[in-house]
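A structural walkthrough
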Amino acid sequence: MSQAQSYRLALRGMHCASCVQQVQSALDQLPGVNEAEVNLPDRSAQVSADLPAEVVIQTIESAGFGATVLNDEYGEDQRQAEEKQQYHQQLKKTAAALTLGIPLMLMMFWSGMPMLNSAGGQIFWFVTGLLTLGVMVYSGGHFYQGAWLAFKRHYANMDTLIALGTGTAWFYSMLISVWPDLVPEQARHVYFEAAVFIVGLVNLGQALESRARGKASQAIRKLLNLQPQTARLIRREDGEEVDMRIESIHKRDMIRVRPGEKIPVDGKVMDGETLVDESMLTGEPLPVVKKKGDEVTAGTLNQSGVLRVRTLRVGDDTALARIIDQVRQAQNAKPELGRLADKIAAVFVPVVLVIAVLTALAWFNFGPQPVSAYMLVTTMTVLVIACPCALGLATPMSIMVGVGKAAEQGILIRRGDALQQTSEVNVVVLDKTGTVTQGKPRVTDLVTAPGVHEHEILQNAAALELASEHPLARAILDKASDAGIQPLSAENIKPRPGLGISGSLKDKMLLLGNPELMQSEGVDIQWVEADLLQLSEQAKTPVLLAEDGRLLGILGIADPIKDDSVAAIERLKKQGAHVVMLTGDNPVTAQAVARQTGVDQVIAGVLPDGKAEAIRSLQADGRKVAMVGDGINDAPALAQADVGMAIGTGTDIAIESADLTLMRGSLHGIADAMEVSRLTVRNIKQNLLGAFIYNSIGIPLAAGLFFPLTGWLLNPALAGAAMALSSVTVVSNANRLRLIPIGQKAQKREQV
């Protein structure tokens, strides 16, 4: 069996939701395709398959569309150049059509216009028909070709509607130009101007839509532009520095990064110290100090010092490449609203064709004279005004812009439904350590039993925590190091989840943990209860140390609250969220932190395996819960929540379990995510409502439903303009999202 491959394809020939359905259906029915997502605004498909790309491309081509793998040989730059060329080509086609269409339209108002009741008039209109045909082939050939391919494959799309509408108008006009006696004299009216006008305006609409779509995908292009194309390699043989293309750099290569240069790889600083601007990835405006031993990320900007960096990851393995991949996957995703729109769009064109036939029959049987003229005009107008594009673009355009907007704020959306679900969140659950607090605790207090020295407490505690990765363990080891203590290695170490740790040192049994651990082992702690309470009320975590059943003392550990946690929690509450802090810490310490930060509710003393149950209890009454965490013990709760948000500075397991990743450590990222999601969902609803209203009013108007009351019919050329503008309106409305300030930028604007 072939190994599963994942690749992204650039698609050609897709114009509307029906086209998307055909490509999606072709891929879904192809054996060996595990997953496929087709994106209309981006004109792309993300495919995971046990097949070579060539087989998938052949399947897409057999469905009537073009496809090319996006890779090093054909990348975004080539694709952008191709789209730019196509945009100019569409403008030329528009100009050609309108150059003929405008004079023909003006001629309709000229009293000296040639009539079909004379030989000269017939010759004039026959020649005009041939000119019109030439313009229709040049400017609208792709519509007729698309319609023919769709017909051969037994489906209908936007091309079908345009081809039928304009083709019928031209054929009728040509027929009466040659044989005017076929219809009554009052019906002898040609519609060449309508045919070319429609073709020209639809081309113009597609050109404007293409330009607007280019603006919508700016977020991805900004990320792609972060990747430098070259790196300064330090050659192993002679230490000479040479500029190399990034494709030539390999893992473990040594590179030099000078001030003002972008860092080309993910790597580890081996020498030098500098400030690095990571705002383009994390949204964090303040530069970060990087020195020997620190890791740096591709795409970030070295502001000051010279660095020598050992390469850890290059190419598709870098954090930047993974971010770009996640943003693209999120842009391809279809939330619930999008799936509903797709279902409607799938039957839209066939329904419009049925309405067009019914319109023709109604005018043929009940319309006034000349029946043929009225029947033609209304049928053609129905076909032309119906716009599946607006419906097909409504959701994916907003998703594309919204996901890009989120990425600019340092928010990576990992799952399609997360964007819509985040907009519905009304309960935000925060882990305490590393989320509300800095996650960099330090020992601030030492309480010792009579006759016990602080050195002994630090020596024993450090021995137990020597191999631990827990943040509190790091604080104890740092305190021991500051005191000049060289930790010994304890034996028989046994972690006690949610309680602490036990082990032995010099044949003595040691316990290190919370009061519950001491009580469970029968250690008397009554004499320090006042100290425990005092430390807890100061938002400090008391860690108790016992030796052979006797309490030696307490280490008071404080984890400073993040500078912006209070302001961020206030923002969440203003957005209507009920803010809950969920922690394994003791209730008194947790309540002290809650008082300082303004948290609404505290759930404290929860063991790691109880966090998911706590989330379930909050969901029990129908509330939508977002969980925010950064540690391994948060992973089950992140998976259980309606929306899991991982702090990007946290563990890989937490990030993999989450729906959203907040690249910054700030809680403002949560409020930003909720704001972006609500704006995006509102934008989707506006687009869908606009598309629905447009078609609901436009199609009956085109069919002449109001003719008995007003005596007025919609001009087919105006219908073509309306159809073109409806798509442009949807795309432009989605692009508005790019201009809306989010979070702290919005607050600054309000203050100004």
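No experiment lies behind these values; they were computed from the predicted model shown.

Quick notes on the UniProt feature "transmembrane region" (unreviewed entry) in the protein
Feature annotation in UniProt assigns "transmembrane region" (unreviewed entry) to the following positions: residues 94-111, 123-144, 156-178, 190-208, 344-366, 372-395, 688-707 and 713-731. The span residues 123-144 is 100% helical and 0% strand by assignment, and the distance between its end C-alpha atoms comes to 27 Å.

Description of helix 3 (residues 76-107)
Compared with the 46 Å implied by 1.5 Å per residue over 32 residues, the 46 Å span of helix 3 between its first and last C-alpha is a close match. Within helix 3, the axis deviates most sharply at Leu98, by approximately 25°. Those residues of helix 3 lying buried are Arg79, Tyr87, Gln90, Lys93, Thr94, Ala97, Leu98, Leu100, Gly101, Leu104, Met105 and Met107.

Notes on the nonpolar core
Core analysis: the largest hydrophobic core is formed by 138 residues, its most contacted members being Val47 and Ile670. Take this core: its biggest share by element is 14 residues, from helix 24 (residues 668-703). For Val47, the contacting residues outside a window of four places in its chain are Gln5, Ser6, Tyr7, Leu9, Leu27, Val33, Glu35, Ala36 and Val56.

A few points about the sheet that holds strand 12 (residues 301-302)
Strand order in the open sheet formed by three strands is 10-9-12, with antiparallel pairing between adjacent strands. Whereas interior strands pair on both sides, the edge strands pair on one side only; in this sheet they are strand 10 (288-290) and strand 12. The pairing of strand 9 (residues 274-277) with strand 10 spans three bridges and is antiparallel. Bridge pairing links Thr274 to Lys290 in strand 10.

Side note on the environment of Gly299
Mapped onto the secondary structure, Gly299 falls in the loop between strand 11 (295-296) and strand 12. Linking Gly299 and Glu261, residues 38 residues apart in sequence, is a C-alpha distance of 9.4 Å.

Brief notes about the confidence of the model for the protein
Low pLDDT marks stretches whose predicted atomic positions should not be read closely. Of all residues in the protein, 90% attain a pLDDT of 70 or more, and the chain-wide mean is 82. Per-residue pLDDT stays below 50 along residues 748-752; that stretch engages in two contacts with residues further than four places along the chain or on separate chains.

Let's talk about unusual backbone geometry
For Asp507, which is not glycine, the phi dihedral falls at a positive 65°. Position of Asp507 relative to the elements: it lies in the loop between strand 18 (500-505) and strand 19 (508-513). Asp507 gets classed as exposed once you look at its relative accessible area, which sits at 82%. Phi is positive for Ala539, which is not a glycine, with a value near 65°. One can find Ala539 in the loop between helix 18 (529-537) and strand 20 (540-547). A relative accessible area of 14% places Ala539 in the buried class.

As for a nonpolar patch on the surface
A grouping of Ile123, Phe126, Val127, Leu130, Leu131, Val178 and Trp179 is seen on the molecular surface, where their side chains present a nonpolar patch of about 670 Å² in accessible area. Per-element accounting of the nonpolar patch gives the leading share, five residues, to helix 4 (residues 119-152). Examined against the element boundaries, Phe126 turns out to sit in helix 4.

Topic: the packing of helix 19 (residues 565-574) against helix 24
Axis separation between helix 19 and helix 24 bottoms out at 8 Å; the angle between their running directions is 25°. Taken together, helix 19 and helix 24 sit at an angle that is classed as roughly parallel. By crossing handedness, the relation of helix 19 to helix 24 is classed as left-handed. Contacts between helix 19 and helix 24 involve Ala567, Ala568, Arg571 and Leu572 on the former and, on the latter, His668, Ile670, Ala671, Asp672, Met674 and Glu675. The residue inventory of the contact of helix 19 with helix 24, partitioned by class, reads six nonpolar, one polar and three charged.

Definitions and limits used
Residues numbered from 1 in each chain as written. Predicted model: local features only at pLDDT ≥ 70, side-chain atom pairs only at ≥ 80, totals over all residues. Heavy atoms only, no water. UniProt positions renumbered as here; feature names shortened; annotations may be inferred. Helix = DSSP H or I, 4+ residues; strand = E, 2+ residues; numbered from the N terminus. Expected span 1.5 Å × (residues − 1). Bend = angle between axes of the 7 residues up to and from the residue. Buried < 20%, exposed > 50% of the residue type's maximum accessible area, 1.4 Å probe, protein only. Core = buried A, V, L, I, M, F, W, Y, C linked by side-chain atoms within 4.5 Å. Contact = heavy atoms within 4.5 Å. Pairing = 2+ DSSP bridges. pLDDT = per-residue confidence, 0-100. Patch = residues over 30% accessible without salt bridge, like charges linked within 9 Å, V, L, I, M, F, W, Y side chains within 5 Å. Areas by Shrake-Rupley, 256 points an atom, 1.4 Å probe, with all protein chains shown as cover. Salt bridge = Lys/Arg side-chain N within 4 Å of Asp/Glu carboxyl O. Axes fitted to C-alpha atoms, helices over the stretch in contact; angles between N-to-C directions. Parallel < 35°, antiparallel > 145°, perpendicular 65-115°, else oblique. Left-handed = near helix turned anticlockwise from the far one by under 90°. Nonpolar A, V, L, I, M, F, W, Y, C, P; charged D, E, K, R; others polar.

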